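Examination of the molecular architecture
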Amino acid sequence: VTRNLQWCNFDNVQDGGSQGAVYCGEAIQALRHPESYGIPTLRPYQIVTLCPPYEEIVYADLLEAVANSVLVTDDTIILVEYPVELGCMPHVIAREDGG
């Protein structure tokens, strides 16, 4: 992912921050407490990709965490990788703020 950001020239600093960044960590905790992972919360992200370890995550918890994270808005594109064996993703979780 980091190499793709460089190839797309999204790693250059503009307007006080880069256009893209990679953060590794426990996804649910990073979404709930981004500042503890060094993730800036000054503005929401336009695209969030999540690739959790398939057998170690409860997808309903992950979707709830991303839906209620300060890192996203109603317009954020969220990509969650999951195993085909799961069938379909859990139903959408409502945001705490009603969004």
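Residues numbered from 1 in each chain as written. Predicted model: local features only at pLDDT ≥ 70, side-chain atom pairs only at ≥ 80, totals over all residues. Heavy atoms only, no water.

1. Quick word on the packing of aromatic side chains
Cut-off, in case you're wondering: Any two of the Phe, Tyr and Trp rings considered here, Trp counted by its six-membered ring, make a pair once their centres fall within 6.5 Å; the pair's planes then place it as stacked at under 30 degrees, edge-to-face at over 60, or tilted in between. By the criteria applied, helices consist of DSSP H or I runs no shorter than four residues and strands consist of E runs no shorter than two, each listed in order from the N terminus. Throughout this description, buried means an accessible area under 20% of the type-specific maximum (1.4 Å probe, protein chains only), exposed means over 50%, and partly exposed covers the range between.
Taken as a whole, this structure holds 1 aromatic pair when the rule is applied. Centre to centre, the rings of Y59 and Y82 are 6.4 Å apart; their planes meet at 70°, and the pair counts as edge-to-face. With a gap of 23 residues between them, Y59 in helix 3 (residues 59-67) and Y82 in the segment after strand 4 (77-80) connect regions that are remote in the sequence. For Y59, a relative accessible area of 5% gives the class buried. A relative accessible area of 29% means that Y82 is categorised as partly exposed.

2. Side note on helix 3
Defined as follows: Here, two residues are considered to be in contact whenever any of their heavy atoms come within 4.5 Å of each other.
Restricting attention to buried positions, one finds in helix 3 the residues Y59, L62, L63, A65, V66 and A67. The inward-facing, buried residues of helix 3 contact helix 2 (27-32), strand 3 (47-50) and strand 4.

3. Some thoughts on the pairing of strand 3
Put simply, the rule is: The pairing criterion for strands is at least two bridges between them, as found by DSSP. Handedness of a crossover: with both strands directed away from the viewer, a clockwise path from the first strand across the helix to the second marks it as right-handed.
What you see with strand 3 is a clean split: V48 and L50 sit on the buried side and I47 and T49 on the side with no burial. Looking at chain direction, strand 3 and strand 4 are connected through 4 bridges and run parallel. What sits directly across from I47, in strand 4, is I77. This β-α-β element, strand 3 to helix 3 to strand 4, shows right-handed connectivity.

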